[in-house]
Number of protein chains: 2
Amino acid sequence: MTVQCDIPFPEPKDTVLLGHGSGGVLTQRLLDQLVLPTLQSESYRTMHDSATLDLPTHSKGRLAFTTDSYVVKPRFFPGGDIGCLAVNGTVNDLAMAGARPIWISVGLILEEGLPMGELQRVLESIKKAADAAGVAIVTGDTKVVDRGHGDGLYINTSGVGSIEGDMAIGPQSIQAGDSILLSGDIGRHGVCILAEREGLAFESAIESDTAALHSPVLALIEAGLNVRCLRDLTRGGLASALKELMLASQLSADIREKDIAVEARVRGACEMLGLDPLYVANEGRMVAILPQEESERALEVLSRFSVTADARAIGKVGEGPAGQLTLESKIGTRRLVEMLPGEQLPRIC
Amino acid sequence: MTVQCDIPFPEPKDTVLLGHGSGGVLTQRLLDQLVLPTLQSESYRTMHDSATLDLPTHSKGRLAFTTDSYVVKPRFFPGGDIGCLAVNGTVNDLAMAGARPIWISVGLILEEGLPMGELQRVLESIKKAADAAGVAIVTGDTKVVDRGHGDGLYINTSGVGSIEGDMAIGPQSIQAGDSILLSGDIGRHGVCILAEREGLAFESAIESDTAALHSPVLALIEAGLNVRCLRDLTRGGLASALKELMLASQLSADIREKDIAVEARVRGACEMLGLDPLYVANEGRMVAILPQEESERALEVLSRFSVTADARAIGKVGEGPAGQLTLESKIGTRRLVEMLPGEQLPRIC
């Protein structure tokens, strides 16, 4: 589509203007010359009204639908940026329902003055993460808010996935005696963000663990394992995720500190900053809860994927008291783990 | 679900804290005590991972999927607020694809310091608009950004709808000779917002036209009319919508000023402010393009719904030049209508 006026092409050195959000030629130019070519989405039309989509033929008509807004600060960090985080986070929310991610939307809230070069980097990151996860970016929206009323950019991604299995994956399916698997080491994303924000220097940068988890999840399901419940560890970390699951299932959980991997640098940073890694956010980690007798087979499946190669069984589900989470320390003492009252780390996703 | 600590209930006089967005007890309390009871959504669980949904049995597996972020300023205005706008806008995007709106997500980006009472008003408005449109709020997300990095609240709504008809509704279906129907008077939403923002006083407040359009759209389809294309008039108004459709279809359009209703107060305000109502945003108006011979029947169908009771035929589609939009003035002169280069009114939705 051509535009009949002579407003210059947005250069990387240019910045976002309020007019880029108001539906006129500037908006169209931003979309046609930067957003759509970078996202390689099919057309302006498809992007800007509803996308019209046909479910895969093998779909049984059961869908997963999720939304998340991303406001992480800083926008760029070792191991990722707000763009790939926004894709991986929503892909993971779909995967946690046992769904195959199919479609994703990208809603941008840009602040006037954002350098076009930064927007382009974020869009490239969105595209790369979507391609890696096999999801199609099918619809989008771009708004601009005035200087001082945003923080560069916020991204909302919503996702639709197809649920192909028959299992009811969720806290209602958890049973006493089930095994709790953790897909990898914890705390990297939160510590990475905090280190960037506070200007902490380590010998080598701690990288975020942001990653998509749908492939190992679908492999667990395809292997015929009775996946009872899945939960990705985001805000509030491992402790909050398990605590929420136990409150919802009215069961209890016992976990072992010795089986919960924390990278040495992450542990060091947490000690220095007074953080408990149990509560620190991850963006590419999950817990999977399955019958105890399937635990070994599940770990074997997870070991095939690099993102879950270090998965371990970290504990088991008990009969109660409802919502109780107990941690057995490395020296064998046991303590109750509670939910955090307020924030440990704001704006980590 | 009960929470095991003594953080007080959020009172309307309280304000949003950063901790309300960080995934701990405060987040859960905000959700359990304000967001979920107000939205009457089924469960925290359903809200916070993916919602799991079954398509209606009569669905053919064709879906519409759309997203929009809402950053309107001010948040409350005569005739509506950011909450109902966010629901109606997304319902309309689904309707414009000929889809029956089914599910909607609500993603909130709250600014630290937002009064809880305002949040509650917005949530109530979201709920009321969703009920009126017959869409279920099935999933959501809440983030908090620090003071000075937002504007009270931004809302993203994404929607999924079921396409029941077999028509390809879109610019590719438009044909030369088709009739262009406009569903009501134009310019009210944009002028309403601008009047509020600039503190302009009229004898009686100009109310936004925000409304859901899916009922008349579905009635057109159910009446067996060959709806070629639908487009709601948002940012950029009637002129931008038609201009975009003509660029996409590679056809031209001729419209008649005398048939385009503009309320007297809106016209007066536009003259005073130097605005052309053709470009002023609406949030409850659409154009419908159909074969000329079905125009009368379509108007009869639209007349049954209050939101489209004043629909009129305003012109017709021509064979080109591609993208050309011509306006015949009330005195019979003709002029070309172009797209606006920048913004006329920023942040109207």
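Structure report, in brief. A quick note: this is a predicted structure, and the numbers were derived from the prediction, not measured. (Residues numbered from 1 in each chain as written. Chains lettered and ligands numbered in written order. Predicted model: local features only at pLDDT ≥ 70, side-chain atom pairs only at ≥ 80, totals over all residues. Heavy atoms only, no water.)

**Brief notes about the overall build of chain A**
Next, step 1: From N to C terminus, chain A includes nine helices and 14 strands.
Next, step 2: Computed over C-alpha atoms, the radius of gyration of chain A comes to 21 Å, within 12% of the 20 Å expected from 2.2 N^0.38 for 349 residues, which places it in the range of a compact globule.
Next, step 3: Viewed in the frame of its principal axes, chain A has a C-alpha envelope of about 70 × 50 × 30 Å.
Next, step 4: Here chain A, with 349 residues, has 65% of them falling under the buried criterion. (Helix = DSSP H or I, 4+ residues; strand = E, 2+ residues; numbered from the N terminus. Rg over C-alpha atoms; globule rule 2.2 N^0.38 Å. Buried < 20%, exposed > 50% of the residue type's maximum accessible area, 1.4 Å probe, protein only.)

**Considering the sheet that holds strand β5 (residues 99-111) of chain A**
Next, step 1: Strand order in the open sheet formed by five strands is β6(A)-β5(A)-β7(A)-β2(A)-β1(B), and the pairing between neighbours is mixed. Edge strands, defined here as strands with exactly one partner in the open sheet, are β6 (136-145) of chain A together with β1 (51-54) of chain B. For this sheet, the mean angle separating the axes of adjacent strands, direction not counted, is 20°. (Pairing = 2+ DSSP bridges. Axes fitted to C-alpha atoms, helices over the stretch in contact; angles between N-to-C directions.)

**Notes on the relation of the copies chain A and chain B**
Next, step 1: For the pair chain A and chain B, the relating rotation is 180°, the translation along its axis is 0.0 Å, and the fit reaches an RMSD of 0.0 Å. Viewed as a symmetry operation, the transformation between the two copies matches a two-fold axis.
Next, step 2: Interface overlap between copies: 99% of the residues of chain A at the interface are likewise at the interface in chain B, consistent with a symmetric, same-surface contact. (Least-squares fit on C-alpha atoms with pLDDT ≥ 70 in both. Contact = heavy atoms within 4.5 Å.)

**Observations concerning the interface of chain A and chain B**
Next, step 1: Contacts between the two partners involve 85 residues from chain A, matched on the other side by 84 residues from chain B.
Next, step 2: Counting each side, the surface lost to burial between chain A and chain B is near 6500 Å², with a carbon and sulfur contribution of 53%.
Next, step 3: When the shortest N-O distance is used, the salt bridge between B:Arg347 and A:Asp146 registers 2.6 Å.
Next, step 4: Where chain A touches chain B, the interface holds 27 residue pairs in polar contact (both at pLDDT 80 or more).
Next, step 5: The sheet contact formed by strand β2 (residues 62-70) of chain A and β1(B) spans four bridges and is antiparallel. Across the sheet, A:Ala64 pairs through a bridge with B:Thr52, a residue of β1(B). (Buried area = accessible area lost by both parts, 1.4 Å probe. Salt bridge = Lys/Arg side-chain N within 4 Å of Asp/Glu carboxyl O. Polar contact = N/O pair within 3.5 Å; in protein donor to acceptor, adjacent residues only side chain to side chain.)

**A closer look at helix α9 (residues 295-302) of chain A**
Residues and elements named next belong to chain A.
Next, step 1: For α9, every residue scored as buried is listed here: Ser 295, Ala 298, Leu 299, Val 301 and Leu 302. Viewed end-on, α9 has its buried residues packed into an arc of 160°, placing them on one side of the element.
Next, step 2: Packed against the buried residues of α9 are β8 (179-182), α6 (214-222), β11 (286-290) and β12 (312-318). (Arc of directions from axis to C-beta.)

**Details of the sheet that holds strand β14 (residues 334-336) of chain A**
Residue and element names in this part refer to chain A.
Next, step 1: Strand order across the open sheet formed by seven strands is β9-β11-β8-β12-β10-β13-β14, with mixed pairing between neighbours. Both edges of this open sheet fall to β9 (229-232) and β14, since each of them pairs with a single strand only. On average, each strand axis in the sheet is tilted by 25° relative to the strand beside it, whichever way the strands run.
Next, step 2: Examined bridge by bridge, β8 and β11 share four bridges and lie antiparallel to one another. Paired with Ile 180 across the strands is Ile 289, a residue of β11.
Next, step 3: The strands that helix α7 (residues 237-249) touches are β8, β9, β10 (252-256), β11, β12 and β13 (325-328); relative to β11, the one it contacts most, it runs at about 35°.

**Looking at the pattern of salt bridges**
Next, step 1: Under the definition given, this model contains 44 salt bridges over all chains.
Next, step 2: Counted as one network, the salt bridges with shared partners bring together A:Asp185, A:Arg188, A:Glu263, A:Arg265 and A:Arg285.

**A closer look at the pairing of strand β10 (residues 252-256) of chain B**
Residue and element names in this part refer to chain B.
Next, step 1: Where β10 lies against strand β12 (residues 312-318), four bridges are found, and the strand directions are antiparallel. Within β12, the residue paired with Ala 253 across the bridge is Val 317.
Next, step 2: Note that β10 and strand β13 (residues 325-328) share four bridges and pair parallel. Its bridge partner lying in β13, Ile 255 is registered against Leu 327.

Purely spatial values, then, with no claim about function.
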